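Per-entry structural report
Spelled out from the first residue to the last, the chains are:
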Amino acid sequence: MTMLFPQTWRAGMQRVSAAIDDNMGEPVLVMPVTPGRPNFPGAPQPDRAVTVTAVFMAKPETVVMGDNKVHARGHSLSPLITTSVPIFTFDRKTLPWPLLQGCRITLIRTGEAFEVTDIKSDSVARIEVKVVRLGRGVE
């Protein structure tokens, strides 16, 4: 019986993930939060915060403002706004506890704080984390 992803392939992908962190990564402070309840966010746990390496990106995104009506010639009548979506990626073995929505990530280089909104794993080596900006020095 053959495996879909042999162990040597997984080990190779771990080396790729380490190379990504070595070349693009920077230190971030990750702070877990207590589990929240409906309408009540979790409380930050600064005593459990860890400093790890992550890759920070601001992916460009175009947002259509309004109802996106189309002109007879095929042109959009709604204004298009270009923005960026902040995203962190981590090696899946980096954190000592599972990353959850509401966790805080501080980019040490700038002091800018973010809150985790969505976590996706590639099921092999990395985790992609979508965040919202909270501002500088927010704890």
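For the structure given in this document, a descriptive report is provided here. (Residues numbered from 1 in each chain as written. Predicted model: local features only at pLDDT ≥ 70, side-chain atom pairs only at ≥ 80, totals over all residues. Heavy atoms only, no water.)

On a plain count of helices and strands, the chain comes out with one helix and six strands. Shown N-terminal to C-terminal, the secondary structure of the chain runs as helices and strands in the order α-β-β-β-β-β-β. When the 139 residues of the chain are sorted by exposure, 30% land in the buried category. Sequence separation of 24 or more characterises 56% of the internal contacts of the chain that already satisfy a separation of 6 or more. Of the roughly 9,100 Å² of accessible surface on the chain, 57% is carried by carbon and sulfur atoms. (Helix = DSSP H or I, 4+ residues; strand = E, 2+ residues; numbered from the N terminus. Buried < 20%, exposed > 50% of the residue type's maximum accessible area, 1.4 Å probe, protein only. Contact = heavy atoms within 4.5 Å. Areas by Shrake-Rupley, 256 points an atom, 1.4 Å probe, with all protein chains shown as cover.)

For the rest of this paragraph, the subject is the environment of Asp122. Positionally, Asp122 belongs in the loop between β5 (112–121) and β6 (126–136). Sequence spacing of Asp122 and Arg92 is 30 residues, and the spatial spacing of their C-alpha atoms is 9.1 Å. Only 2.8 Å separates the side chain of Asp122 from the backbone nitrogen of Ala125, close enough to count as a polar contact. Reaching out from Asp122, the side chain makes a polar contact with the backbone nitrogen of Arg126 at a distance of 3.0 Å. (Polar contact = N/O pair within 3.5 Å; in protein donor to acceptor, adjacent residues only side chain to side chain.)

With that settled, the discussion passes to the pattern of salt bridges. Applying the stated criterion to the full structure yields four salt bridges. For Arg104, the salt bridge goes to Glu115, with nearest N and O atoms at 3.8 Å. With a gap of 11 residues between them, Arg104 in strand β4 (residues 104–107) and Glu115 in strand β5 connect regions that are remote in the sequence. When the shortest N-O distance is used, the salt bridge between Lys120 and Asp118 registers 3.9 Å. (Salt bridge = Lys/Arg side-chain N within 4 Å of Asp/Glu carboxyl O.)

A few words now on the pairing of β5. In this structure, β4 lies alongside β5, joined through four bridges in antiparallel fashion. Pairing of Thr106 across the sheet is with Ala113, part of β5. In this antiparallel pair of consecutive strands, β4 and β5, the connection spans four residues, and Gly111 shows a positive phi of 80 degrees. (Pairing = 2+ DSSP bridges.)

A complete count under the given rule lists three aromatic pairs for this structure. Each ring, one from Phe56 and one from Phe88, has its centre 5.0 Å from the other, and the planes form 50 degrees; the classification is tilted. Here the residue Phe56 occupies a position in strand β2 (residues 50–64), and Phe88 occupies one in strand β3 (residues 80–91), the gap between them amounting to 32 residues. Of the two residues, Phe56 and Phe88, neither departs from the other in class, the shared state being buried. Relative to Phe114, the ring of Phe88 lies with its centre 5.2 Å away and its plane at 75 degrees, an arrangement referred to as edge-to-face. Of the two residues, Phe88 sits in strand β3 while Phe114 sits in strand β5, which places them 26 residues apart along the sequence. Its relative accessible area of 0% is what places Phe88 among the buried residues. Site record: aromatic cluster; members linked through ring pairs are Phe56, Phe88 and Phe114. (Phe/Tyr/Trp six-rings, centres within 6.5 Å; stacked < 30°, edge-to-face > 60°.)

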